[in-house]
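Structural overview
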Amino acid sequence: RNSNDSVQPLLIFSKSRGTSVNSDTIVQDGDIIGEIVWLGADGNDRNSQVASITALVDGTPGADDMPGALTFRTTADGAASASERMRIDSSGRVGIGVTDPTQYNSYGNGLVIEKSSTSGSSGISLISGTSGYGSIYFNDGTGNNTVGRIEYYHGGDVMGFAIAGT
């Protein structure tokens, strides 16, 4: 873009469920709106995915209301397709190693980092919703068993830190 102003160049992805030109049929929760995919030649073909970034509808859309999420995928050694590694959902929650940042985060805002998206073990949860409470949990690797935590809490006139075992 060559212009003497503050307007940026754009790359726009747009989706409608309509089947004809200019039909603006509403999209639905889970619809993929756009995706950037990187492929590499593996000596056989160029169908092996290296990574991707996907934008999707993350909730129920309505007039001037379009909740969205971004997912980031990478491919493990020995695989030909990418797996989700990180998600930013429509509430601003970030999950790394989990496909649902709310899985361990029922308090609202925060960051969840897990070693495995299926075991529920090993990770860091930084949560600070409207409760005025935040924690870093240490799990024993066998499930959701917390063996230690560092907590910040603020309730009324009480504010402090705690280090606790199970």
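Quick note: structure is the one above.
These lines cover the structure that appears in this document, whether it is placed above or below. Everything quoted here is computed from the prediction, not taken from an experiment. (Residues numbered from 1 in each chain as written. Predicted model: local features only at pLDDT ≥ 70, side-chain atom pairs only at ≥ 80, totals over all residues. Heavy atoms only, no water.)

**Some words on the pairing of strand β4 (residues 83–88)**
Our working rule: We call two strands paired when DSSP finds no fewer than two bridges between them. For helices the rule is a DSSP run of H or I covering at least 4 residues; for strands it is a run of E covering at least 2, with both sets numbered from the N terminus onward.
Looking at chain direction, strand β3 (residues 68–74) and β4 are connected through five bridges and run antiparallel. Bridging across to β4, Arg73 finds its partner in Glu84. The pairing of β4 with strand β5 (residues 94–96) spans three bridges and is antiparallel. The residue of β5 that forms the bridge with Ile88 is Val94.

**What about unusual backbone geometry?**
Generally, phi is negative for residues other than glycine and the peptide bonds are trans, each holding for most cases. The following threshold applies: When accessible area is computed with a 1.4 Å probe and restricted to protein chains, residues below 20% of their type maximum are described as buried, those above 50% as exposed, and intermediate ones as partly exposed.
The residue Asn22 is not glycine, and still its phi comes out positive at about 65°. Relative to the helices and strands, Asn22 is located in the segment before β1 (32–40). Given the relative accessible area of 73%, Asn22 is considered exposed. Even without a glycine there, the phi angle at Asp64 is positive, about 55°.

**Side note on the pattern of salt bridges**
Going by this rule: Take a side-chain nitrogen of Lys or Arg and a carboxyl oxygen of Asp or Glu: if they are within 4 Å of each other, that pair is a salt bridge.
One pass over the full model with this rule turns up four salt bridges. Arg1 is the salt-bridge partner of Asp5, the closest N and O atoms lying 3.8 Å from each other. Residue classification places Asp5 among the partly exposed residues on the basis of a relative accessible area of 42%.

Any link to function would need more than the numbers given here.
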